[in-house]
Amino acid sequence: MGILRNLLNAVQNNLISGDAYYIIIKSVIVTIAITVIAWLVTFALGALISYFMSYDKKIVCSFFSAISFIFRSTPVLLLLLLMYYVVFKSVNINLTLLSGLSIGLYGAGHLSEIIARQVRRASKEQDEAVVRRLKQVYFTVTMPQMLEDTVFMTKRLSIQLLQWTTIVGYISVNDLTEVMNRIGQRTMYPFFSIAVSIIFYLIGTIIIESIFNMIERKIK
């Protein structure tokens, strides 16, 4: 009975009292929004960079390969701080949007490398005429085909983008991790608040893996 009473007290103090449930729901929405924005930036910018990374001209290819390398090699936290304190310091930008953009830059660096590497590999197996045709239909045919061939790596990247949302509290974004951390400090139930956050990310990972598993089955 003592364990059950402690559990009920933890639920009451962390999830209910002081309208905690309302704040938590808002933080979940913020976290999901950041993840969606990050993926949109990852897909759009990653596709564009990969296109130029597959270019015949060495100067263009090298320039965008360097951009991809910088994005994927810079820690996400440093990208976030760079955007917040330097790039958008004097601009009144929504912090949710800024967080998604910062995480998306990291994702774009990885996705562009994934796609470009697959494109180069496929180009080696084709004659010059086919390669030119592949470049003409890059965004409508070539890139989607390359994504199909790299579903597993794309799935791992999508999960990483979700996980990286845990750092946005550094710029005072009220995501789930930040909110649950503050609640845990206030109620002196740190384990319970951390457990709630872990459960959310486990569920998010399961959803992402389920979506990609469906995609893999349809491709096969």
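Residues numbered from 1 in each chain as written. Predicted model: local features only at pLDDT ≥ 70, side-chain atom pairs only at ≥ 80, totals over all residues. Heavy atoms only, no water.

1. Overview of the overall build of the protein
Now for step 1: Helices and strands together make up the secondary structure of the protein, namely ten helices and zero strands.
Now for step 2: Ordered by position from N to C terminus, the α and β elements of the protein give α-α-α-α-α-α-α-α-α-α.
Now for step 3: Split into buried and exposed, the 220 residues of the protein put 39% on the buried side.
Now for step 4: At a minimum sequence separation of 6, the contacts of the protein that also span at least 24 residues come to 78%.
Now for step 5: When the accessible surface of the protein is summed, it comes to about 12900 Å², and 66% of that surface belongs to carbon and sulfur atoms. (Helix = DSSP H or I, 4+ residues; strand = E, 2+ residues; numbered from the N terminus. Buried < 20%, exposed > 50% of the residue type's maximum accessible area, 1.4 Å probe, protein only. Contact = heavy atoms within 4.5 Å. Areas by Shrake-Rupley, 256 points an atom, 1.4 Å probe, with all protein chains shown as cover.)

2. A short note on the packing of helix H2 (residues 20-53) against helix H3 (residues 58-73)
Now for step 1: With their axes 7 Å apart at the nearest point, H2 and H3 run at an angle of 145° to one another. H2 and H3 meet at a crossing whose hand is left-handed. Only Val60, Cys61, Phe64, Ser65, Ile67, Ser68 and Phe71 of H3 make contact with H2, whose side of the interface consists of Leu45, Ile49, Phe52 and Met53. (Axes fitted to C-alpha atoms, helices over the stretch in contact; angles between N-to-C directions. Left-handed = near helix turned anticlockwise from the far one by under 90°.)

3. Points about helix H4 (residues 76-87)
Now for step 1: By the burial criterion, the buried members of H4 are Val76, Leu79, Leu80 and Met83. Taken around the axis of H4, the buried residues stretch over an arc of 100°, which confines them to a single face. (Arc of directions from axis to C-beta.)

4. A look at a nonpolar patch on the surface
Now for step 1: Residues Tyr21, Tyr22, Ile23, Ile25 and Ile29 make up a contiguous nonpolar surface patch of about 520 Å² in total accessible area.
Now for step 2: You can see Tyr21 is positioned in helix H2. (Patch = residues over 30% accessible without salt bridge, like charges linked within 9 Å, V, L, I, M, F, W, Y side chains within 5 Å. Salt bridge = Lys/Arg side-chain N within 4 Å of Asp/Glu carboxyl O.)

5. Some details on the packing of H2 against helix H8 (residues 151-163)
Now for step 1: Where H2 meets H8, the closest approach of the two axes is 9 Å, and the angle between their N-to-C directions is 135°. Classified by the angle their axes make, H2 and H8 are oblique. The crossing of H2 and H8 is right-handed. The residues of H8 that touch H2, namely those facing Thr35, Ala38, Trp39 and Thr42, are Thr154, Leu157, Ser158, Leu161 and Leu162.
Now for step 2: Partitioning the contact of H2 with H8 into residue classes produces five nonpolar, four polar and no charged. (Parallel < 35°, antiparallel > 145°, perpendicular 65-115°, else oblique. Nonpolar A, V, L, I, M, F, W, Y, C, P; charged D, E, K, R; others polar.)

6. Notes on the nonpolar core
Now for step 1: Counting residues in each nonpolar core, the largest one holds 22 residues, and the members touching the most others are Ile34, Ile103, Val168 and Val173.
Now for step 2: Mapped onto this core, the elements with two or more residues apiece are H2, H3, H4 and helix H5 (95-124).
Now for step 3: Discounting chain neighbours no more than four positions away, the residues touching Ile34 are Thr96, Ser99, Gly100, Ile103, Thr165, Val168 and Val173. (Core = buried A, V, L, I, M, F, W, Y, C linked by side-chain atoms within 4.5 Å.)

7. Some points on the packing of aromatic side chains
Each aromatic ring pair is described using two quantities: the centre-to-centre distance and the angle formed by the ring planes.
Now for step 1: Applying the stated criterion across every chain, the model contains seven aromatic pairs.
Now for step 2: Taking 5.9 Å as the distance between ring centres and 70° as the angle between the ring planes, the aromatic pair formed by Tyr106 and Trp164 counts as edge-to-face. Taken together, the residues Tyr106 in helix H5 and Trp164 in the loop between H8 and helix H9 (176-187) connect sequence positions 58 residues apart.
Now for step 3: Look at Tyr106 and you get buried, because its relative accessible area is 11%. (Phe/Tyr/Trp six-rings, centres within 6.5 Å; stacked < 30°, edge-to-face > 60°.)

8. Things to note about the confidence of the model for the protein
Now for step 1: Overall, the prediction assigns the protein a mean pLDDT of 84, with 77% of residues at 70 or greater.
Now for step 2: By mean pLDDT, helix H6 (residues 128-136) is the weakest element of the protein at 58, and H4 is the strongest at 95. (pLDDT = per-residue confidence, 0-100.)

9. Some points on the side chain of Thr42
Now for step 1: Along the chain, Thr42 turns up in helix H2.
Now for step 2: Overall, Thr42 belongs to the buried group, its relative accessible area being 0%.
Now for step 3: If near-sequence neighbours (up to four positions away) are discounted, Thr42 is found in contact with Ala47, Gly104, Gly107, Ala108, Leu111, Leu157 and Leu161.

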